[in-house]
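# Fold and contact review
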Amino acid sequence: MGNQTMEYFQIIPFFSKPEDTPYIFFTLLTVYLMGLLMNIIIIAVIYADRRLHSPMYLFLSNLSIIDVCFPTVIIPKVLYMLFTGIKTVSFTQCFTQFFFYVLFGTTEDTLLFVMAYDRYVAICRPLHYHQVLSRRTCLGLVVAIWSSACINSLLITSQALKITFCSANKIHHLFCDFKALFKISCGGLEKFFNLVYFEILVLVVCPFLFSVVSYSKIISIIMNIKSREGRRKIFSTCSSHVTVLLLYYTTASSVLLAPTTKHSNIFEQICSVLYTTVTPMLNPLIYTLRNKEVKHAIKRLLKAK
């Protein structure tokens, strides 16, 4: 069965047992709404407080925008399936979801690298910080990040539309992603895989390696500081960024690199929930709990109201 006659896909998630549905529904709904609320608060606070109109918080607000959009691409549909029991998704809906999944995923990859570079310049080249990361440069970086991610997503989605699918239309996953589509395909994969491998190398692996290099240089600077208070202050500034980076890449890479086994579908789906839903909820907690400026800005905003 080719793409021309494939009208819908049937989603078969790991929570197929009816007795588990209510618990999973309320758990996902709670995590999703908490993440949504906290990220919207971060965006509003950064926008409202002029003291936070700096490069670091510009990138942080963009991360919060991604953390609002990324789970919204996936979780509302999952909640709908849980609530109604209807587990079908049309061909158009599947590839629309795939497009936005790739868009927000690659945007986060490159944004995390830019945030790591921002901390590198702030700590390793503090006297040149505002010169290197001027307002114009930062806005240009943000535009470049979103534009490149959009172009990349268009290219990959257009190539994915050329894949020929087998007669089985059952997707053993929560949503339409790379591995889910690959498992039910039976042709037209060569160009798609070449493009995906290139995308992973340029927009996933390279940003991660550059982030590691940036933080390695930061750590070497920290180790050379004699003052314990100075080391603690710089470390607290970067530890939240490192935590977010590790959370995202560990869970996302687990999905891509997981070997095909009897229980691999369940493992992949759980990891997918972690990096598309749980991590976006934890990001604002990590930043606000460890960032005095954001906490003070929230207090000022509440007092003003």
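Preceding this paragraph is the structure being described.
Keep in mind it's a predicted model, so treat the numbers as computed, not measured.

## Regarding the pairing of strand S1 (residues 8–11)
Only one face of S1 is buried: it carries Phe9 and Ile11, and the other face, with Tyr8 and Gln10, is open. With three bridges connecting them, S1 and strand S2 (residues 88–90) associate as antiparallel partners. Within S2, the position partnered with Phe9 by the bridge is Val89. Relative to strand S4 (residues 170–171), S1 runs parallel, the two being bridged by two bridges. In the sheet register, Ile11 faces S4, and the bridge partner there is Ile171.

## Describing the packing of helix H3 (residues 91–124) against helix H5 (residues 135–160)
Contact pair H3 / H5: the axes reach a minimum separation of 8 Å and the direction vectors enclose 145°. Here H3 runs over H5; the crossing is right-handed. For the pair H3 and H5, the contacting residues are Phe95, Phe98, Phe99, Val102, Leu103, Phe104, Thr106, Thr107, Thr110, Leu111 and Val114 in the first and Leu141, Ile145, Trp146, Ala149, Cys150, Asn152, Ser153, Leu154, Ile156, Thr157 and Ala160 in the second. Looking at the contact of H3 with H5, its residues break down into 16 nonpolar, six polar and no charged.

## Some remarks on the nonpolar core
The nonpolar side chains of a soluble globular protein tend to be buried with one another. Of all hydrophobic cores here, the largest spans 82 residues; its most connected members are Phe9 and Phe192. A total of 17 residues in this core trace back to one element, the largest contributor, which is H3.

## Notes on the packing of H3 against helix H7 (residues 190–224)
H7 packs onto H3 with a crossing angle of 20° between their chain directions and a minimal axis gap of 9 Å. Taken together, the axes of H3 and H7 lie roughly parallel to each other. Crossing geometry of H3 relative to H7 is assigned as left-handed. Residues Phe98, Thr106, Asp109, Thr110, Leu112, Phe113, Ala116, Tyr117, Arg119, Tyr120, Ile123 and Cys124 of H3 form the contact with H7, whose own contacting residues are Phe192, Glu199, Leu203, Val204, Pro207, Phe210, Ser211, Ser214, Tyr215, Lys217, Ile218 and Ile221.

## Some thoughts on the state of the cysteines
If you walk through the whole model with that rule in mind, you get one disulfide. Of the cysteine sulfurs around Cys271, a residue in no disulfide, the closest is that of Cys176, at 19 Å. Given a relative accessible area of 6%, Cys271 falls into the buried group.

Basis of the calculations
Here the residue numbers are simple positions, counted from 1 along each chain's written sequence. Where local features are concerned, this predicted model is filtered to residues with pLDDT of at least 70; where side-chain atom pairs are given and counted, the filter is 80 or more; whole-chain, interface and lining totals use all residues. Side-chain measures were taken over the full set of non-hydrogen atoms in the model, leaving aside hydrogen atoms and water. Under the scheme applied here, a residue whose accessible area is under 20% of the maximum for its type counts as buried, over 50% as exposed, and between as partly exposed, the area being computed with a 1.4 Å probe on protein chains only. Put simply, DSSP marks the helices as runs of H or I at least four residues long and the strands as runs of E at least two long, and each gets a number from the N terminus on. For two strands to pair, DSSP has to find at least two bridges joining them. Only the stretch in contact is used when a helix axis is fitted, and all axes are lines through C-alpha atoms; the angle between N-to-C directions ranges over 0 to 180 degrees. Take the far helix as your reference; a near helix turned counterclockwise from it by less than a right angle gives a left-handed crossing, and one turned clockwise gives a right-handed crossing. Every residue pair with non-hydrogen atoms within 4.5 Å of one another is taken to be in contact. Put simply, Ala, Val, Leu, Ile, Met, Phe, Trp, Tyr, Cys and Pro go in the nonpolar bin, Asp, Glu, Lys and Arg in the charged bin, and everything else, Gly too, in the polar bin. The term nonpolar core refers to a set of buried residues drawn from Ala, Val, Leu, Ile, Met, Phe, Trp, Tyr and Cys, joined through side-chain atoms within 4.5 Å. Note on angle classes: values under 35 degrees are labelled roughly parallel, values over 145 roughly antiparallel, values of 65 to 115 roughly perpendicular, and the remainder oblique. Note on terminology: disulfide denotes any pair of cysteine sulfur atoms within 2.5 Å.

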